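Observations on chain architecture
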Amino acid sequence: MMTAVKIFLAGVLLLTIAVAAGQKHETVPPPLVAPRYSYRGNILPILQAKCQPCHFEGGKVFAKLPFNDSTVVAKLGKRLNTRLKDSTDQAVILSWSAHAGAK
Ligand code: HEC
């Protein structure tokens, strides 16, 4: 009885090792294109964090330049970077606005 349990456990262990080893050898192909950013997923969160309150509801330029409108933001494109000082933010804006009309 004990032996059967031990053999079973050894089997489970070996299977686990085999599966783990198999996964290690899987290679992830490098991305063929630069990562694409989305307005909702990447751009809006930056603007919401850094451009409040003026460009959002209740802000003084919300009527003229609402940043919750992707078309307005896409038109401004890299001009946004004159006000965004973080180089990572700037790179994301540049990459996104390079695909003009990006959603
Ligand atoms: C304190 C209020 C305020 C905040 C905060 C603010 N803006 Fe503005 N923004 C304005 C006003 C007012 C205008 C209208 C034109 C002007 O004064 O330059 C404007 C216009 C702009 C323009 C168009 C004019 C230009 O320079 O090309 C851009 C682009 C812009 N803002 C980007 C940003 C970004 C990006 C942020 C966040 C990092 C931001 N703004 C935060 C008030 C603000």
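Conventions we followed
What you see as residue numbers is a count from 1 along each chain, following the sequence as written. Under the rules for a predicted model, residues below a pLDDT of 70 receive no local features and side-chain atom pairs below 80 are neither given nor counted, while totals for whole chains, interfaces and linings still include all residues. Helix numbering and strand numbering both begin at the N terminus, where a helix is a DSSP run of H or I of at least 4 residues and a strand a DSSP run of E of at least 2. With C-beta atoms placed from the backbone, the exposure class of a residue follows from how many other C-beta atoms lie within 10 Å of its own: 20 or more, buried; 12 or fewer, exposed; in between, partly exposed. Axis angles are defined between N-to-C directions and span 0 to 180 degrees, where every axis is a line fitted to C-alpha atoms and, for a helix, only to the segment in contact. Here the angle decides the label: under 35 degrees means roughly parallel, over 145 means roughly antiparallel, 65 to 115 means roughly perpendicular, and every other value means oblique. For any helix crossing, the convention is left-handed if the near helix is rotated counterclockwise from the far helix by under a right angle, and right-handed if that rotation is clockwise. Think of it this way: build a C-beta for each residue from its backbone, and any pair within 7 Å is a contact. Classification convention: Asp, Glu, Lys, Arg as charged; Ala, Val, Leu, Ile, Met, Phe, Trp, Tyr, Cys, Pro as nonpolar; all other residues, Gly among them, as polar. By definition, a residue lies near a molecule or strand when the C-beta atom built from its backbone is within 6 Å of it. How far a helix is expected to stretch is found by multiplying one less than its residue total by 1.5 Å. The arc refers to the directions leading from the helix axis to the C-beta atoms. In plain words, the nonpolar core is the set of buried Ala, Val, Leu, Ile, Met, Phe, Trp, Tyr and Cys residues that C-beta atoms within 7 Å link up.

**Here we look at the overall build of the protein**
Scanning the protein for helices and strands turns up four helices and zero strands. In the protein, the order of α-helices and β-strands from amino to carboxyl end is α-α-α-α. With 103 residues in all, the protein has 11% of them scored as buried.

**A word on the packing of helix H2 (residues 39–50) against helix H4 (residues 87–98)**
At a closest axis distance of 11 Å, the pairing of H2 and H4 adopts a crossing angle of 135°. Taken together, the axes of H2 and H4 are oblique relative to one another. The handedness of the crossing between H2 and H4 comes out as left-handed. Contacts between H2 and H4 pair Asn42, Ile43 and Ile46 from the former with Asp89, Val92, Ile93 and Trp96 from the latter. Taken together, the residues that form the contact of H2 with H4 break down as five nonpolar, one polar and one charged.

**Section: the site of the ligand**
Taken together, the neighbourhood of the ligand is formed by 13 residues, with Lys50, Cys51, Cys54, Arg79 and Arg83 sitting nearest. A per-class count over the shell around the ligand returns seven nonpolar, two polar and four charged.

**Points about the environment of Phe62**
Relative to the helices and strands, Phe62 resides in the loop between H2 and helix H3 (70–76). Under the C-beta neighbour-count criterion, Phe62 is labelled partly exposed, with 16 such atoms within 10 Å. The spatial distance from the C-alpha of Phe62 to the C-alpha of Gln52 is 10.0 Å, given a sequence separation of ten residues. Look past the residues within four positions of Phe62 in its chain and what remains in contact with it is His55, Phe56 and Glu57.

**Quick notes on H4**
The terminal C-alpha atoms of H4, which comprises twelve residues, lie 16 Å apart, in line with the 16 Å expected from a rise of 1.5 Å per residue. Buried residues of H4: Ile93, Trp96 and Ser97, and no others. Each buried residue of H4 lies within a common arc of 90° when the element is viewed along its axis, so the set occupies one face. Among the exposed residues of H4, those oriented more than 90 degrees off its buried face are Ser87, Thr88 and Ala91.

**Digging into the nonpolar core**
Of all hydrophobic cores here, the largest spans nine residues; its members are Tyr37, Ile43, Ile46, Leu47, Phe67, Val73, Leu80, Ile93 and Trp96. Mapped by element, the contributors of at least two residues to this core are H2 and H4. If you tally residues by element for this core, the top one is H2, at three residues.

Function-wise, these values are silent; they only describe arrangement.
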